[in-house]
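Reading the structure
Listed below are the residues making up each chain.
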Amino acid sequence: MWLNNVVAGLTPGATYAIVGVLLTLMSQLTRVVNFAQVAVGMFGGYISLTLVTKMHLPIFVGVIVGVLVAAILSALLGWIIATWLSEASTSARSAVTVAGLLFLISLAFILFGYRNQPFPTIVAGPLFTLPGGAVVSKVTVVVIVLAIVITVGSWAFLKFTAFGVKLRAVSDRQMAAELLGLNVKMLNVSVWFVTGAIAGITVALVGPSASNDYVTLSSIVIPGAAAALVGAFKRMDLALIGGLAIGAIQGLFAGFPNLLIVRDWVPIIFIILFLLWNQRKEVWDVAR
Amino acid sequence: MSLKLNDVTVSRGVGPVISNVTLEVTPGEVTTLVGPNGAGKTSLLESLSGVIGISSGSIELDGVDISKMSRRRRSHAGLAHVQQGRMIFPSLTVKENLQLTARTKADMDGALALFPELEKRLDSATVLLSGGEQQMVVLARAFASKPKYILLDEMSLGLAPVVFLRLIPVIEQIAKTGVGVLLVEQFAHLALKIASDALVITSGHVSYHGAADALLTNPELLKKAYLG
Ligand SMILES: Nc1ncnc2c1ncn2[C@@H]1O[C@H](COP(=O)(O)OP(=O)(O)OP(=O)(O)O)[C@@H](O)[C@H]1O
Ligand SMILES: [Mg+2]
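Overview of the structure. As the structure is a prediction and not an experimental result, all values here were calculated from the model.

Take the overall build of chain B next. A count of helices and strands for chain B gives nine helices and ten strands. Computed over the C-alpha atoms, the radius of gyration of chain B is 17 Å, within 12% of the 17 Å expected from 2.2 N^0.38 for a compact globule of 228 residues. Residue burial in chain B is summarised as follows: out of 228 residues, 54% are buried. Residue pairs at least 24 apart in sequence account for 67% of intrachain contacts in chain B once pairs closer than 6 positions are excluded. In chain B, 22 side chains carry a positive charge and 21 a negative one; their mean positions are 4 Å apart.

All names here are of chain B. Under the 1.5 Å per step criterion, the end-to-end length of helix H6 (residues 161-176) is 23 Å for 16 residues, consistent within 8% with the ideal 22 Å. Phe164, Leu167, Ile168, Val170, Ile171, Ile174 and Ala175 are the residues of H6 that are buried. Elements in contact with the buried residues of H6: strand E3 (30-34), helix H4 (105-114), helix H5 (131-144), strand E7 (149-153), strand E8 (180-184) and helix H7 (188-193). Remark: Gly178 follows H6 within two positions and exhibits a positive phi of approximately 110 degrees.

Attention shifts here to the coordination of the magnesium ion (ligand 2). All names here are of chain B. On the protein side, the magnesium ion (ligand 2) has Thr42 (OG1) and Gln84 (OE1) as donor atoms, found 1.8 to 2.1 Å from it. With Thr42 in helix H1 (residues 41-49) and Gln84 in the loop between strand E6 (79-82) and helix H3 (94-99), the pair connects residues that are 42 residues apart, well separated along the chain. A relative accessible area of 30% places Gln84 in the partly exposed class.

A few words now on the sheet that holds strand E2 (residues 15-25) of chain B. Residue and element names in this part refer to chain B. Taken together, the four strands give an open sheet; going across it, the order is E2-E1-E4-E5, and neighbouring strands pair in antiparallel fashion. In this open sheet, the two edge strands, each paired with only one partner strand, are E2 and strand E5 (64-65). Sheet strands in contact with H1 are strand E1 (3-12), E2 and strand E4 (56-61), and its direction is about 115 degrees off that of E1.

Bringing the pairing of E6 of chain B into the picture now. All names here are of chain B. Alternating residues of E6 divide into Leu79 and His81 and Ala80 and Val82, and every residue in both groups is buried. Direction of pairing for E6 relative to E7: parallel, over a ladder of four bridges. Its bridge partner lying in E7, Leu79 is registered against Tyr149.

Glancing now at the side chain of Ser58 of chain B. Residue and element names in this part refer to chain B. Here Ser58 shows up in strand E4. Its relative accessible area of 16% is what places Ser58 among the buried residues. With sequence-adjacent residues up to four places away left out, Ser58 is seen in contact with Lys4, Leu5, Asn6, Val8, Asp65 and Ser67.

What follows deals with the layout of surface pockets. All names here are of chain A. Looking at the largest pocket, its volume works out to about 650 Å³. What lines the largest pocket is a set of 25 residues, and nearest its centre among them are Pro12, Tyr16, Ile220, Gln250 and Arg263. For the lining of the largest pocket, the secondary structure elements donating two or more residues are helix H1 (2-30), helix H9 (214-218), helix H10 (221-230), helix H11 (236-254) and helix H13 (266-287). By residue number, the principal contributor to the lining of the largest pocket is H1, which donates seven residues. A per-class count over the lining of the largest pocket returns twelve nonpolar, eleven polar and two charged.

For the structure on display, the rule yields nine salt bridges over all chains. In this structure, Arg71 of chain B engages Glu87 of chain A in a salt bridge whose closest nitrogen and oxygen atoms are separated by 3.0 Å. Within this pair, whereas Arg71 of chain B is found in helix H2 (residues 71-76), its partner Glu87 of chain A is found in the loop between helix H3 (59-84) and helix H4 (90-112), the two belonging to separate chains. Between Arg71 of chain B and Glu178 of chain A there is a salt bridge, and its shortest N-O distance comes to 2.7 Å.

A word on the pairing of E1 of chain B. Residues and elements named next belong to chain B. Where E1 meets E2, seven bridges bridge the pair, whose relative direction is antiparallel. By the bridge assignment, Val10 is partnered in E2 with Ile18. By the bridge criterion, five bridges tie E1 to E4 in an arrangement that is antiparallel. Looking at the pairing, Thr9 lines up with Ser56 of E4.

Turning next to the interface of chain B and chain A. If you look at the interface, chain B gives 20 residues, while chain A gives 17 residues. For the pair chain B and chain A, the summed buried area comes to about 1700 Å², and 59% of that belongs to carbon and sulfur atoms. It is Arg71, Phe89 and Leu100 of chain B that lose the most area in chain B upon contact with chain A, and together they represent 34% of the buried surface on that side. Our enumeration of links across chain B and chain A arrives at three salt bridges. Where chain B meets chain A, there are ten residue pairs in polar contact (both at pLDDT 80 or more). Mapped onto the side of chain B that touches chain A, the elements with two or more residues apiece are H2 and E6 of chain B. The greatest single-element share of the side of chain B that touches chain A, amounting to four residues, is contributed by H2 of chain B.

Conventions adopted
Residues numbered from 1 in each chain as written. Chains lettered and ligands numbered in written order. Predicted model: local features only at pLDDT ≥ 70, side-chain atom pairs only at ≥ 80, totals over all residues. Heavy atoms only, no water. Helix = DSSP H or I, 4+ residues; strand = E, 2+ residues; numbered from the N terminus. Rg over C-alpha atoms; globule rule 2.2 N^0.38 Å. Buried < 20%, exposed > 50% of the residue type's maximum accessible area, 1.4 Å probe, protein only. Contact = heavy atoms within 4.5 Å. Lys, Arg positive; Asp, Glu negative; His and termini not counted. Charge placed at Lys NZ, Arg CZ, Asp CG, Glu CD. Expected span 1.5 Å × (residues − 1). Donors = N, O, S within 2.8 Å, 3.2 Å for Na, K, Ca; no water. Pairing = 2+ DSSP bridges. Axes fitted to C-alpha atoms, helices over the stretch in contact; angles between N-to-C directions. 1 Å grid on protein atoms, 1.4 Å probe; cavity = no way out; pocket = protein on both sides within 12 Å on 5 of 7 lines; lining within 4 Å. Points joined across faces, edges and corners; volume = space filled by probe spheres on them. Nonpolar A, V, L, I, M, F, W, Y, C, P; charged D, E, K, R; others polar. Salt bridge = Lys/Arg side-chain N within 4 Å of Asp/Glu carboxyl O. Buried area = accessible area lost by both parts, 1.4 Å probe. Polar contact = N/O pair within 3.5 Å; in protein donor to acceptor, adjacent residues only side chain to side chain.

By themselves, these observations are geometric and do not establish any function.
Right, here's the structure in full:
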């Protein structure tokens, strides 16, 4: 029974994990906490939906276009920040993403209307049943695998490719990188593009099985940020584990009707615990 | 062929920190720039490489006006700027630091030939190196970009004089390959020894411009220039 609930929490958990990893990458490589991280994916999702339902395009075409739209919107936001706020503080840069989030939500209301339709399903059905009777769906496995691939893939890309080395250099010292002739803006915008595309893919996968209204979907950035906090916005591996843990704990609470309300508090509790723990460490540092 | 600053004024915060400065860096030679703290040496280098803008005058690199170019384009035009402080990329290994600018294996080998002692540290994180070794990486990295002109801002800062002595002949060697070097240094005597030209700058004005030898052999002249 409880295992069933934990397993059910793994799909949202892996989603939080992906968002947490993306937020970590963005924070490390482009000095921004990207509140619009999921909103661009949401917008891409509705573009796909429109193409499939209104224009009767095949699902895969709709999804590809949607993912591209998410990537381009993200790149556009990154370009704006890299152009006008290239030397601004992280908070000023992040504030622009809040504006982007609100803009995309209101634009979605205008373009796609007030009544939400479910997204077209890409992956569906159960994959296997655990010994205790808990059913593991295909989506769950696909999203968990995606989360792991993104984490390991990003790590390897940053470590082993020349492009990754340049991204790390910009992250270390932007000015010194510019003086060496690196195209800091192009490097930054490419990170926005790729993380936007991944957000688009993630929404295409989990959107159909989640409540997909504009605000709820875009707000996945909050549990995503809680996951990123587990890795202090620095470590992708901890963000991955954090996201899965938050999802699993939420699922566990869902099994107790009295505690249902607590479920939505799990990410916030993670955030508060992190802040307290972080505070404690600072006190400890001072005491030394 | 030279790197030229024509009648340049640079303002920063309250007012001008560089006032109507004209100078010329010749390929293959070291030009040394000295002056008291806060005189504007760093600001001058920063205006050359585009870290800060100029309010009047012009900057020319081999006859091309670069004053409006971005930092990146100035770098591609052949300007390298080693900023004050340790400008390593801490999360990168020594090799990765050099790979940022070395386009070919020959560039890489040329850079390592300056400091053979770096060979065995290639895979170490740069942050783990000593201050002197870090400055070697920074200098080698700048050289690997095959610059026409290189600006060096107080590489000796925080280094023991013996450690800095290791860098001096290398700077001279870089100039011998045809690179024009603009050297800013607190250790005026060491820096003047390898220079042909010298400038003394005090509160944004050039108070001496001439042969480096003259300053070296005439301490009174240096003192007077420092006092403005
Ligand atoms: N970022 C800044 N904003 C405003 N004023 C600055 C800034 N940096 C330097 N200044 C001012 O510009 C003037 C020149 O400073 P600069 O750093 O160029 O001198 P310097 O000759 O390099 O000094 P030092 O030998 O200490 O490195 C000083 O009066 C300094 O206060
Ligand atoms: Mg200085």
